[in-house]
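# Per-entry structural report
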Amino acid sequence: DTAVSQTPKYLVTQMGNDKSIKCEQNLGHDTMYWYKQDSKKFLKIMFSYNNKELIINETVPNRFSPKSPDKAHLNLHINSLELGDSAVYFCASSPGSYIQYFGAGTRLSVL
Amino acid sequence: QKEVEQNSGPLSVPEGAIASLNCTYSDRGSQSFFWYRQYSGKSPELIMSIYSNGDKEDGRFTAQLNKASQYVSLLIRDSQPSDSATYLCAVNPPGNNQGGKLIFGQGTELSVKP
């Protein structure tokens, strides 16, 4: 019974396409995050939601749009994909203590 | 200067030795510090958290914090080949409304040789 689950695990697409990644947590946490990990393994926060409210919005192109329909779900939609968007995207959740639990990641490859 | 810095490695130690991983951070007001382990192709997994100066031990792992020097370290005693992974240092920056934000270092790759 996975605590933080992301779909899909792999995503291969062409430049210019629009794609979405979904995340769900069953831990009852109020806070969820999206991170991007590049090819050098540098993990950088993109967005944070607390109980459906946007809390953190880092310097991310506005082609990236998060959406939280309820506190257990946080989705990421990406418009007009570019080569530089290729990375592993991790969803995470937290009970509010700064300790974060990560999903398995979505490996996005833009061709 | 990067906000959280680690040596990228790889750090290679023989099985049974002590592995020492280091991390420095730039924001003196930071209060919460974490070590995550990430196996290749997997997600980060929390292994230690530390909030006060000094040492915190959990099994074979010891986290050390020195806020005056802005330095956090992780010691792994009796290193095992299964400890081979990338270790990420993470810091919660000070200030309100940070939403539990963590800033990660670039990670140190550890290789434990049998």
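Whatever comes next refers back to the structure up there.
None of the values given here were measured: they were computed from a predicted structure.

Rules used throughout
- Residues numbered from 1 in each chain as written.
- Chains lettered and ligands numbered in written order.
- Predicted model: local features only at pLDDT ≥ 70, side-chain atom pairs only at ≥ 80, totals over all residues.
- Heavy atoms only, no water.
- Pairing = 2+ DSSP bridges.
- Helix = DSSP H or I, 4+ residues; strand = E, 2+ residues; numbered from the N terminus.
- Axes fitted to C-alpha atoms, helices over the stretch in contact; angles between N-to-C directions.
- Buried < 20%, exposed > 50% of the residue type's maximum accessible area, 1.4 Å probe, protein only.
- Disulfide = S-S within 2.5 Å.
- Contact = heavy atoms within 4.5 Å.
- Buried area = accessible area lost by both parts, 1.4 Å probe.
- Salt bridge = Lys/Arg side-chain N within 4 Å of Asp/Glu carboxyl O.
- Polar contact = N/O pair within 3.5 Å; in protein donor to acceptor, adjacent residues only side chain to side chain.

### Section: the sheet that holds strand E7 (residues 61-66) of chain B
Residue and element names in this part refer to chain B. Ordered by their spatial adjacency, 5 strands build an open sheet running E1-E3-E8-E7-E6, and the pairing between neighbours is antiparallel. Each edge of the sheet is formed by a strand with only one pairing partner; in this case those strands are strand E1 (4-5) and strand E6 (54-58). One ladder, built from 6 bridges, connects strand E3 (residues 19-25) with strand E8 (residues 71-76); its direction is antiparallel. For Ala-19, the partnering residue across the bridge sits in E8 and is Ile-76.

### Describing the sheet that holds strand E8 (residues 73-78) of chain A
All names here are of chain A. Ordered in space as E1-E3-E8-E7, the 4 strands form an open sheet in which the pairing is antiparallel. One side of each edge strand has no neighbouring strand; the edge strands of this open sheet are strand E1 (4-7) and strand E7 (64-70). Geometrically, the sheet is characterised by an average inter-axis angle of 20 degrees between neighbouring strands, direction not taken into account. As paired elements, E7 and E8 share 5 bridges and run antiparallel to each other. Within E8, the position partnered with Ser-65 by the bridge is His-77.

### Focus on the pairing of E1(A)
Residue and element names in this part refer to chain A. Going residue by residue along E1, you find Val-4 and Gln-6 tucked away on one face and Ser-5 and Thr-7 left uncovered on the opposite face. Pairing of E1 with strand E3 (residues 19-25) involves 4 bridges; the strand directions are antiparallel. The partner of Thr-7 across the bridge, within E3, is Lys-22.

### What about the state of the cysteines?
This model, assessed by the stated rule, comprises 2 disulfides over all chains. Between the sulfur of Cys23(A) and that of Cys91(A) lies a disulfide, 1.9 Å long from S to S. A torsion of -80 degrees about the S-S bond marks the disulfide between Cys23(A) and Cys91(A) as left-handed. With Cys23(A) in strand E3 and Cys91(A) in strand E9 (residues 87-94), this residue pair connects regions lying 68 residues apart in the sequence. Note on Cys91(A): relative accessible area 0%, which makes it buried. A sulfur-sulfur distance of 2.1 Å marks the disulfide that ties Cys23(B) to Cys89(B). Taking the torsion about the S-S bond as the criterion, the Cys23(B) to Cys89(B) disulfide, at about -70 degrees, is left-handed.

### Topic: the interface of chain A and chain B
In this assembly, 22 residues from chain A lie in contact with 23 residues from chain B. When the two sides are added together, the surface that chain A and chain B hide from each other amounts to roughly 1,700 Å², 57% of it contributed by carbon and sulfur. For the interface between chain A and chain B, the tally reads 1 salt bridge. Note that Glu58(A) is salt-bridged to Lys101(B), the shortest N-O span being 3.1 Å. The interface formed by chain A and chain B includes 4 residue pairs in polar contact (both at pLDDT 80 or more).

### Some thoughts on the environment of Thr106(A)
All names here are of chain A. Looking at the element boundaries, Thr-106 is found in strand E11 (residues 106-110). Residue class for Thr-106 comes out buried when judged on its relative accessible area of 0%. Note: C-alpha distance between Thr-106 and Phe-90 (16 residues apart in sequence) is 6.5 Å. In this structure the side chain of Thr-106 is engaged in a polar contact, spanning 2.6 Å, whose partner is the backbone oxygen of Pro-8.

### A few points about the side chain of Ser68(A)
Residue and element names in this part refer to chain A. Along the chain, the position of Ser-68 falls in strand E7. Residue Ser-68 is classed as buried on the basis of its relative accessible area of 12%. Only 3.0 Å separates the side chain of Ser-68 from the backbone oxygen of Asp-70, close enough to count as a polar contact. A polar contact of 2.9 Å, which involves the side chain of Ser-68, links it to the backbone oxygen of His-73.

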